[in-house]
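Chain by chain, the residues run as shown.
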Amino acid sequence: MQISELSDRSGLTVQTIKFYIREGLLPKGSTVSATRSEYDGRHLERLRLISALREVGDMPLAAIQEIIGAVEDDRVGMHELFATTQHAVGPHDAALHDPHWRAAREDVDALVRELGWQAGDRAPARDLLAHAFVALRRLGFPITLKDLRPYVKAAAEVAEHEIGRVVEGAPRARTVHSLLVSTILYEQVLTSLHRLAQEDASARRFGRARPHPAGLTAQRPDPPHQAFPG
């Protein structure tokens, strides 16, 4: 296909595609003439991956280049590819000079060891959890394994489900798509379901809630016959 068709099918402008080629994110097309190159499905797949990383992951070009490099390097194993993707997603704002954060990070490291989880020492999620621990303690909520246990169990079950959906031998770019969906989009799904479940639990424990500002109530509706198959 010509670059104009590649633009139509990817939803990106010709100028954007040429920019990605110049930056090394997208390989050049096959030269047909001095003014014409041909592109194929691999270019379209790569553009979709770049778009997902930029729009869904909100990643800078440097992080995208890191992931693209790992995708193209067959020596990078699946687990390392997963770790590269998570590291690129971030966050990267560790408060190294804050003694409260350092103490919380030590607690996170101890928790990971106690759980026996194989997570890299530089995993950004360790820092993210440390920030949450600091905030909880400042609000007067001590961190105990008893309080964490339901979240640990839920996280482990969700992670097993997500990793189980990754098809071994699938195209590497598609694997990165799957990791992004699990890490970013389904985290939003999990957060939303958590909040809805909290409201439901509150309504069942404390009784009928006052009307919401929009005129709705937290009254539990009749359950549908079957919301989801299976």
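Note that the structure is predicted; figures quoted are calculated from it, not measured.

Participant: Help me out: how do you make sense of the overall build of the protein chain in this one?
Facilitator: Secondary structure assignment for the protein chain yields nine helices and two strands. Traced from its N-terminal end to its C-terminal end, the protein chain shows the element sequence α-α-β-β-α-α-α-α-α-α-α. Looking at the protein chain as a whole, 28% of its 230 residues are labelled buried. Here the analysis covers contacts within the protein chain between residues at least 6 apart in sequence; of these, 55% occur between residues at least 24 apart. Working note: accessible area of the protein chain is about 16100 Å², and carbon and sulfur atoms make up 55% of it.

Participant: Honestly, the side chain of Ser 10 in this entry has me stumped. Any pointers?
Facilitator: Of note, Ser 10 is situated in helix H1 (residues 3-10). From its side chain, Ser 10 meets the backbone oxygen of Leu 6 in a polar contact 2.8 Å long. At 3.4 Å, the side chain of Ser 10 forms a polar contact with the backbone oxygen of Ser 7. Non-local contacts of Ser 10, meaning those with residues more than four positions away in its chain, are made with Ile 17, Leu 44 and Leu 47.

Participant: Would you explain the pattern of salt bridges in this entry?
Facilitator: If charged atoms from side chains of opposite charge come close, those side chains can pair. Evaluation of the coordinates by the stated rule reveals 12 salt bridges. One salt bridge in this structure joins Arg 137 and Asp 107, with 2.5 Å as the shortest N-O distance. Within this pair, whereas Arg 137 is found in helix H7 (residues 124-138), its partner Asp 107 is found in helix H6 (residues 99-115), the two being separated by 30 residues in sequence. According to the relative accessible area criterion, Asp 107 is partly exposed, its value standing at 33%. Where Arg 126 meets Asp 121, a salt bridge forms, and the shortest distance between an N and an O atom there is 3.9 Å. By relative accessible area, which is 7% here, Arg 126 ends up buried. Owing to a relative accessible area of 61%, Asp 121 belongs among the exposed residues under this scheme.

Participant: I keep staring at H6 and nothing clicks. Help me out?
Facilitator: In an α-helix, one turn spans 3.6 residues; hence positions three or four apart end up facing the same way. Under the 1.5 Å per step criterion, the end-to-end length of H6 is 24 Å for 17 residues, consistent within 8% with the ideal 24 Å. Inspection of H6 places Trp 101, Ala 104, Arg 105, Val 108, Asp 109, Leu 111 and Val 112 among the buried residues, and these make up the whole buried set. Along H6, the residues classed as buried sweep out an arc of 160 degrees about the axis, all on the same side. Facing away from the buried side of H6 by over 90 degrees, the exposed positions are Glu 106, Arg 113 and Glu 114.

Participant: Would you take a moment to explain the packing of helix H4 (residues 61-72) against helix H5 (residues 78-89) for this structure?
Facilitator: Axis angle and axis distance: for two packed helices, these are the angle between their axes and the distance between the axes, and together they describe the pair. Relative orientation of the contacting elements H4 and H5 amounts to 175 degrees, with a least axis distance of 9 Å. Considering their axes alone, H4 and H5 lie roughly antiparallel with respect to each other. Touching Ala 63, Glu 66, Ile 67, Ala 70 and Val 71 of H4 are Leu 81, Thr 84, Thr 85, His 87 and Ala 88, all from H5. Here the contact of H4 with H5 is built from residues that sort into six nonpolar, three polar and one charged.

Definitions and limits used
Residue numbers here run from 1 along each chain, matching the order of that chain's written sequence. Where local features are concerned, this predicted model is filtered to residues with pLDDT of at least 70; where side-chain atom pairs are given and counted, the filter is 80 or more; whole-chain, interface and lining totals use all residues. Values reported for side chains reflect all heavy atoms of the structure, with hydrogen atoms and water molecules removed beforehand. Here a helix means four or more residues in a row that DSSP labels H or I, a strand means two or more in a row labelled E, and each is numbered from the N terminus. Buried, partly exposed and exposed residues are distinguished by accessible area as a fraction of the type maximum, computed with a 1.4 Å probe on protein chains only: under 20%, between the cut-offs, and over 50%, respectively. Throughout, a contact is declared for two residues whenever any of their heavy atoms are within 4.5 Å. Note on areas: these come from Shrake-Rupley sampling with a 1.4 Å probe, and a residue is covered only by the protein chains present in the view. Pairs of N or O atoms are called polar contacts if they sit within 3.5 Å, as long as, within protein, a hydrogen donor faces a hydrogen acceptor (for residues adjacent in sequence, only side-chain-to-side-chain pairs). The rule for a salt bridge is simple: a side-chain nitrogen of Lys or Arg has to be within 4 Å of a carboxyl oxygen of Asp or Glu. A helix is expected to span 1.5 Å for every residue after the first. Directions drawn from the helix axis to the C-beta atoms are what define this arc. To define axes, lines are fitted to C-alpha atoms, for helices over the stretch in contact only, and angles between the resulting N-to-C directions are given on a 0 to 180 degree scale. Any angle from 65 to 115 degrees is called roughly perpendicular, while one under 35 is roughly parallel, one over 145 is roughly antiparallel, and all others are oblique. Amino acid classes used here: Ala, Val, Leu, Ile, Met, Phe, Trp, Tyr, Cys and Pro are nonpolar; Asp, Glu, Lys and Arg are charged; the rest, including Gly, are polar.

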